[in-house]
Amino acid sequence: FNLGRVRGGPGYGSQQIFYSRRIGRPPQRFANGQYVESPDASTIIGATKVTGKAGPWTIGILDAVTAEEKARVVDENGVKSTTPVEPASNYFVTRMRRDFNSGNTIISAGGTAVNRNLGDDVFKNLLRSRADVGAIDFEHQWKNRVWALTGAFAGSSIAGSKQVITNAQRSSARYYQRPDADYLELDPDKETLNGSSISFGLNKSGQWSMGATAKQISPGYE
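Conventions adopted
Counting from 1, residues in each chain are numbered in the order their sequence is written. Residue-level local features of this predicted model are given only where pLDDT is at least 70; pairs of side-chain atoms are given and counted only at 80 or more, and the full residue set underlies all totals for whole chains, interfaces and linings. In computing side-chain values, all of the structure's heavy atoms are included and hydrogens and water are not. Definition of nonpolar core: a set of buried residues of the types Ala, Val, Leu, Ile, Met, Phe, Trp, Tyr and Cys, connected through side-chain atoms within 4.5 Å. Each residue is assigned to one of three classes by its accessible area relative to the maximum for its type, calculated with a 1.4 Å probe on protein chains only: buried under 20%, partly exposed between the two thresholds, exposed over 50%. Think of it this way: any DSSP run of H or I at least four residues long counts as a helix, any run of E at least two long counts as a strand, and we number them from the N terminus. Residues count as neighbours in contact if any of their non-hydrogen atoms are within 4.5 Å of one another. Patch rule: a residue counts if its relative accessible area is over 30% and it has no salt bridge; like charges are joined within 9 Å, and nonpolar side chains (Val, Leu, Ile, Met, Phe, Trp, Tyr) within 5 Å. With residues, only the protein chains shown are counted as cover, and all accessible areas are computed by Shrake-Rupley using a 1.4 Å probe. The salt bridge definition used is simple: a Lys or Arg side-chain nitrogen within 4 Å of an Asp or Glu carboxyl oxygen. One bridge is not enough; two strands pair if DSSP finds at least two bridges between them. Structural elements are reduced to axes, namely lines fitted to C-alpha atoms, with helices fitted over the stretch in contact, and the angle between N-to-C directions of any two is expressed from 0 to 180 degrees. Only centres within 6.5 Å qualify two rings of Phe, Tyr or Trp (six-membered ring in Trp) as a pair; their planes then separate them into stacked at under 30 degrees, edge-to-face at over 60, and tilted for everything else. In this scheme, the term charge over a ring applies when either NZ of a lysine or CZ of an arginine sits within 6 Å of the ring centre and within 35 degrees of the ring normal. Summary of the metric used: pLDDT quantifies the predictor's per-residue confidence within the range 0 to 100.

1. Topic: the nonpolar core
Inference 1: Grouped together as the largest cluster of nonpolar side chains are 12 residues: Leu-3, Ile-17, Phe-18, Ile-23, Leu-62, Ala-64, Tyr-91, Val-93, Val-114, Val-133, Ala-135 and Ala-154.
Inference 2: When residues of this core are traced back to their parent elements, those giving at least two are strand 3 (57-66), strand 6 (89-100) and strand 8 (130-142).
Inference 3: Each residue touching Leu-3, except ones within four places of it in the same chain, is listed here: Gln-15, Ile-17, Val-93, Thr-94, Arg-95, Gly-110, Gly-111, Thr-112, Ala-135 and Asp-137.
Inference 4: Core analysis: the next-biggest nonpolar cluster, separate from the first, contains eight residues, Ala-131, Ile-158, Ala-181 and Leu-184 among them.

2. Observations concerning the environment of Asn-104
Inference 1: Among the secondary structure elements, Asn-104 is positioned in the loop between strand 6 and strand 7 (105-116).
Inference 2: Accessibility expressed as a relative area gives 18% for Asn-104, which makes it buried.
Inference 3: With 41 residues separating them in the primary sequence, Asn-104 and Arg-145 have C-alpha atoms 7.3 Å apart.
Inference 4: Beyond its immediate stretch of four places on either side in the chain, Asn-104 contacts Glu-139, His-140, Gln-141 and Arg-145.

3. What to know about a nonpolar patch on the surface
Inference 1: A cluster of nonpolar residues, Val-50, Trp-57, Ile-59, Ile-61, Phe-92 and Met-96, forms a patch on the protein surface that exposes about 490 Å² of accessible area.
Inference 2: The biggest single contributor to the nonpolar patch is strand 3, with three residues.
Inference 3: With respect to the helices and strands, Ile-59 occurs in strand 3.

4. Thoughts on the sheet that holds strand 1 (residues 35-37)
In any sheet, the strands associate via hydrogen bonds between backbone groups, in a parallel or an antiparallel arrangement.
Inference 1: Read across the open sheet, the three strands follow the order 1-4-5; overall the sheet is antiparallel. Two strands in the sheet have a free side with no partner beyond their single neighbour: strand 1 and strand 5 (80-86). The average angle at which neighbouring strand axes cross in this sheet is 30°, direction not considered.
Inference 2: Where strand 1 meets strand 4 (residues 69-74), three bridges bridge the pair, whose relative direction is antiparallel.

5. So, unusual backbone geometry
Inference 1: If you check the backbone angles, Asn-144 has positive phi at about 55° while not being a glycine.
Inference 2: Structurally, the position occupied by Asn-144 is in the loop between strand 8 and strand 9 (147-159).
Inference 3: In this model, Tyr-175 sits at a positive phi of 55°, which is unusual for a non-glycine residue.
Inference 4: In this structure, Tyr-175 sits in the loop between helix 1 (162-170) and strand 10 (192-204).

6. Brief notes about the packing of aromatic side chains
Inference 1: Throughout the structure, instances matching the rule amount to two aromatic pairs.
Inference 2: Taken together, a centroid distance of 6.3 Å and an interplanar angle of 10° make the contact between Trp-142 and Trp-147 stacked.
Inference 3: Relative accessible area serves as the criterion here: at 32%, Trp-142 is assigned to the partly exposed category.
Inference 4: The cationic tip of Arg-98 hangs over the ring face of Phe-100; the distance from NZ or CZ to the ring centre is 4.5 Å.

7. Thoughts on the side chain of Ser-161
Inference 1: With respect to the secondary-structure elements, Ser-161 resides in the loop between strand 9 and helix 1.
Inference 2: Leave out the neighbours within four places in its chain, and Ser-161 touches Lys-124, Asn-125 and Lys-190.

8. Concerning the confidence of the model for the protein
Inference 1: Mean pLDDT for the protein: 89, with 89% of residues reaching 70 or above.
Inference 2: Mean pLDDT across the elements of the protein ranges from a minimum in strand 11 (residues 208-217), with 64, to a maximum in strand 4, with 97.

See below:
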């Protein structure tokens, strides 16, 4: 499930599209009250993973569903209640890889998708309703695998309320509001945000590596 990753260069291994520990993550909303009892993690209702290899083909598929989580709250008047702190969510990732030339050339494609049930208004301006990423990557080795050329392309799309997408534009992953970036424009009316990245790496085993990455915006992986 190492989607869109390349070998070589200063950005080696830095782009991690799929991170399994987000499945069953701690709740992202903090409840307020005199006393709050909140779950430490989201309950995984069910999950399926299929991986295998047949000839030159390798495939991996994972899908998981997590439950809505609620915190128990006691306010300053002693009134007890519950409030949602994490929505029900679905996580999906797949990758298919094809080997050529006795495994010296590899081409793969795949993607991830996160979909959240934001029916409760407490999440509307806090979380993204969905986040999708698609990626294609390749690796070619020669000279007894001493040399390796790798490359990857990834495209992403996130969606949410205007407030959520404005926060995404202002986040440290993007900084759309910075004054030196005259090629960017912060749009407070957006409800979706798209991005792309292209990476290449050249590596000589045990000796040196070099690489380059170009991003339209940092992809929205969450």
